[in-house]
Amino acid sequence: MIRVSLSGDSILLLGESGVGKTHYGAQLLRRLTNGDGALRMDGHATNLDPFEAALASLDEGMAAGHTATTTYVDSLWPVRDAAGRRADLVWPDYGGEQIRTMISSRRVQNAWLARVRNARAWLLLIRLQQTRTDDDIFSRPLVCLRDASAENREIPISDQARLIELLQMLIYVAGAGGRRPLDRPRLGMLLTCWDELGLDLAPTVALEARLPMLWEFLRSTWHTPFVMGLSALGRSLSPERQDDEYVARGAEHFGYVVQPDGNRSTDLTLPIHLLLDSLGQRQSGQRAPE
Ligand SMILES: Nc1nc2c(ncn2[C@@H]2O[C@H](COP(=O)(O)OP(=O)(O)OP(=O)(O)O)[C@@H](O)[C@H]2O)c(=O)[nH]1
Ligand SMILES: [Mg+2]
């Protein structure tokens, strides 16, 4: 979760295992430190271990490892934009299985409950190639099951249905269940590992084509959800084999986002800046009380 301490508010980062949370965190940290994007570090960042470890791998031109299932680390990043607005991002690194368990057990653990309730904006990370889009109970009517053999009877729900479940659970525990369309929490969505897709489409079009039910849910539930593409690494890296070009040029020269209008930018801070912007905070030069 990213907690943005503007009036004690926060942004919740949601992503299952393997979507790219750790690599995005590492690349974002370096971009913020270098200070050439829409947001820059403005003070002392703390608790950087998981991201520094990932950056060390990237500096050797290699991918970092999977985050242990039980890990949950909050890293504090004080940031500022060009207009002087400031926020304290609490950027987490956690094992994505925690999200999967939340969905499969239909339980929101107490620690997550507090994170969900404190957040005024949510950022959902999805890796389209990792999603299953085969038939499920929504696309195959029950009548089709009549002829199915006994061994073949179980039809798991699809990934888009699972993600909708997750969002519905979180909307409920956040106490926003009765309102539509939702203005708070704001919703941003990142389609991660965009380079793997080889698409020349606007991110919303890609989402709609691949996960139409999820997109319909987002569109009908939120006031103005935004969808961006993210390639934190710019290309695939191996955990064992060094990418010489990466080493020679430096990890900070790789990675891009695809903005809602389809334009690319190398500024990996843009999604966070857009969310901060959409929160409508205009606290120029002031850090809000925590
Ligand atoms: N091609 C490509 N691969 C990426 C990108 N970002 C991350 N990956 C790869 O995706 C895999 C998962 O990335 P992680 O950052 O470890 O994912 P995570 O969400 O932290 O996963 P957990 O730690 O298991 O929760 C790794 O093998 C990365 O190398 C990207 O922008 N492009
Ligand atoms: Mg990780």
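Description of the structure in this document. (Residues numbered from 1 in each chain as written. Chains lettered and ligands numbered in written order. Predicted model: local features only at pLDDT ≥ 70, side-chain atom pairs only at ≥ 80, totals over all residues. Heavy atoms only, no water.)

Some details on the site of ligand 1
Here is the rule we go by: Nearness is defined per residue: one heavy atom within 4 Å of the molecule or strand is enough. Counted as a polar contact is a pair of N or O atoms within 3.5 Å, where, for protein atoms, one must be capable of donating a hydrogen and the other of accepting one, and residues adjacent in sequence contribute only when both atoms are in side chains. Methods summary: accessible areas were calculated by the Shrake-Rupley approach with a probe of 1.4 Å, and residue burial reflects only the protein chains presented. When residue character is reported, Ala, Val, Leu, Ile, Met, Phe, Trp, Tyr, Cys and Pro are called nonpolar, Asp, Glu, Lys and Arg charged, and the others, Gly included, polar.
Close to ligand 1 lie 24 residues, the nearest being Ser17, Lys21, His23, His66 and Gly96. In this structure, Ser17 approaches ligand 1 through a side-chain N or O atom, which is 2.5 Å from an oxygen atom. His66 has a polar side-chain atom sitting 2.4 Å from an oxygen atom of ligand 1. Burial of ligand 1 by the protein chains amounts to 90% of its free accessible area of 650 Å². By residue class, the composition of the shell around ligand 1 is six nonpolar, 12 polar and six charged.

Some details on the packing of helix α6 (residues 203–210) against helix α7 (residues 212–221)
To be explicit about the condition: Think of each axis as a best-fit line through the C-alpha atoms, taken over the contacting stretch in the case of a helix, with angles from 0 to 180 degrees between the N-to-C directions. A run of H or I in DSSP becomes a helix once it reaches four residues, and a run of E becomes a strand once it reaches two; helices and strands are each numbered from the N terminus. Just so you know how the angles are binned, under 35 degrees is roughly parallel, over 145 roughly antiparallel, 65 to 115 roughly perpendicular, and the rest oblique. By definition, residues are in contact when any of their heavy atoms lie within 4.5 Å.
One way to put it is that α6 packs onto α7 with a least axis distance of 5 Å and a crossing angle of 120 degrees. Between α6 and α7, the angle falls in the class oblique. Contacts from Thr204, Leu207, Glu208, Ala209 and Arg210 of α6 reach α7 at Pro212, Leu214, Trp215 and Leu218. When the residues that make up the contact of α6 with α7 are grouped by side-chain class, the tally is six nonpolar, one polar and two charged.

With respect to the coordination of the magnesium ion (ligand 2)
The test is simple: Only N, O and S atoms count as donors, using a 2.8 Å cut-off from the metal and 3.2 Å for Na, K and Ca, and because water is excluded some sites may appear unfinished.
Surrounding the magnesium ion (ligand 2) are the protein donor atoms Thr22 (OG1) and Thr67 (OG1), which sit 2.0 Å from the metal. Of this pair, Thr22 sits in helix α1 (residues 21–34) while Thr67 sits in the loop between α2 (49–59) and β4 (72–81), and the two are 45 residues apart along the sequence.

Here's the deal with the pairing of β4
Here is the rule: For two strands to pair, DSSP has to find at least two bridges joining them.
In terms of strand pairing, strand β3 (residues 39–41) meets β4 through three bridges, oriented antiparallel. Bridge pairing in β4 links Arg40 to Arg80. Where β4 meets strand β5 (residues 86–94), nine bridges bridge the pair, whose relative direction is antiparallel. The residue bridging Val73 from the neighbouring strand is Asp93, located in β5. Taken together, β4 and the strand that follows it, β5, pair antiparallel across an intervening segment of four residues, in which Gly84 is found at a positive phi of about 90 degrees.

Structural notes on the pattern of salt bridges
To be explicit about the condition: Salt bridges are identified by distance alone: a Lys or Arg side-chain nitrogen within 4 Å of an Asp or Glu carboxyl oxygen. Under the scheme applied here, a residue whose accessible area is under 20% of the maximum for its type counts as buried, over 50% as exposed, and between as partly exposed, the area being computed with a 1.4 Å probe on protein chains only.
Within the structure shown, the criterion is met by 17 salt bridges. For Arg100, the salt bridge goes to Glu16, with nearest N and O atoms at 3.3 Å. Remark: Glu16 occurs in the loop between β2 (10–15) and α1 and Arg100 occurs in helix α3 (residues 97–105); sequence separation between them is 84 residues. A relative accessible area of 10% places Glu16 in the buried class. Taking the shortest distance from any N to any O, the salt bridge between Glu245 and Arg235 comes out at 2.8 Å. Here Arg235 lies in the loop between β8 (226–231) and α8 (244–249) and Glu245 lies in helix α8, a separation of 10 residues in the sequence. On the basis of relative accessible area, Glu245 is assigned to the partly exposed category, the value being 35%. Within this structure, Glu16, Arg100, Arg132, Asp159 and Arg162 form a network of salt bridges that share partners.

Thoughts on the nonpolar core
Note the threshold: Buried residues of nine kinds, namely Ala, Val, Leu, Ile, Met, Phe, Trp, Tyr and Cys, make up a nonpolar core once their side-chain atoms join them within 4.5 Å.
The biggest cluster of nonpolar side chains holds 44 residues, and the ones touching the most others in it are Tyr24, Trp77, Val79, Trp91, Leu123 and Ile272. With five residues, α1 is the largest single contributor of residues to this core. Judged by nonpolar contacts, the second largest core, of 40 residues, contains Ile99, Val116, Trp122 and Ile164.

Considerations on α6
In an α-helix, one turn spans 3.6 residues, which is why side chains three or four residues apart end up on the same side. Keep this limit in mind: Arc definition: it is the arc formed by the directions from the helix axis to the C-beta atoms.
Along α6, the positions that sit buried rather than exposed are Pro203, Ala206 and Leu207. On an axial view of α6, the arc spanned by its buried residues comes to 100 degrees, and they lie on one face. Contact partners of the buried residues in α6: β7 (186–191), α7, β8 and β9 (256–258).

Notes on the packing of aromatic side chains
Put simply, the rule reads: Think of it this way: a Phe, Tyr or Trp ring, Trp meaning its six-membered ring, pairs with another when their centres are within 6.5 Å, and the plane angle makes it stacked under 30 degrees, edge-to-face over 60, tilted otherwise. Remark: a charge is flagged as sitting over a ring if the NZ atom of Lys or the CZ atom of Arg is within 6 Å of the ring centre and within 35 degrees of the ring normal.
As enumerated under the stated definition, the model contains nine aromatic pairs in all. Between Tyr24 and Trp91 the ring centres are 5.5 Å apart and the planes differ by 75 degrees, which places this aromatic pair in the edge-to-face class. In this pair, Tyr24 sits in helix α1 while Trp91 sits in strand β5, placing the two residues 67 residues apart along the sequence. Here Tyr24 and Trp91 have matching classes, each one buried. Among the aromatic residues, ring-to-ring pairing joins Tyr24, Phe51, Trp77 and Trp91 into one connected group. Sitting above the plane of the Tyr72 ring, Arg115 keeps its charged end 3.5 Å from the centroid.

In short, geometric facts, not functional conclusions.
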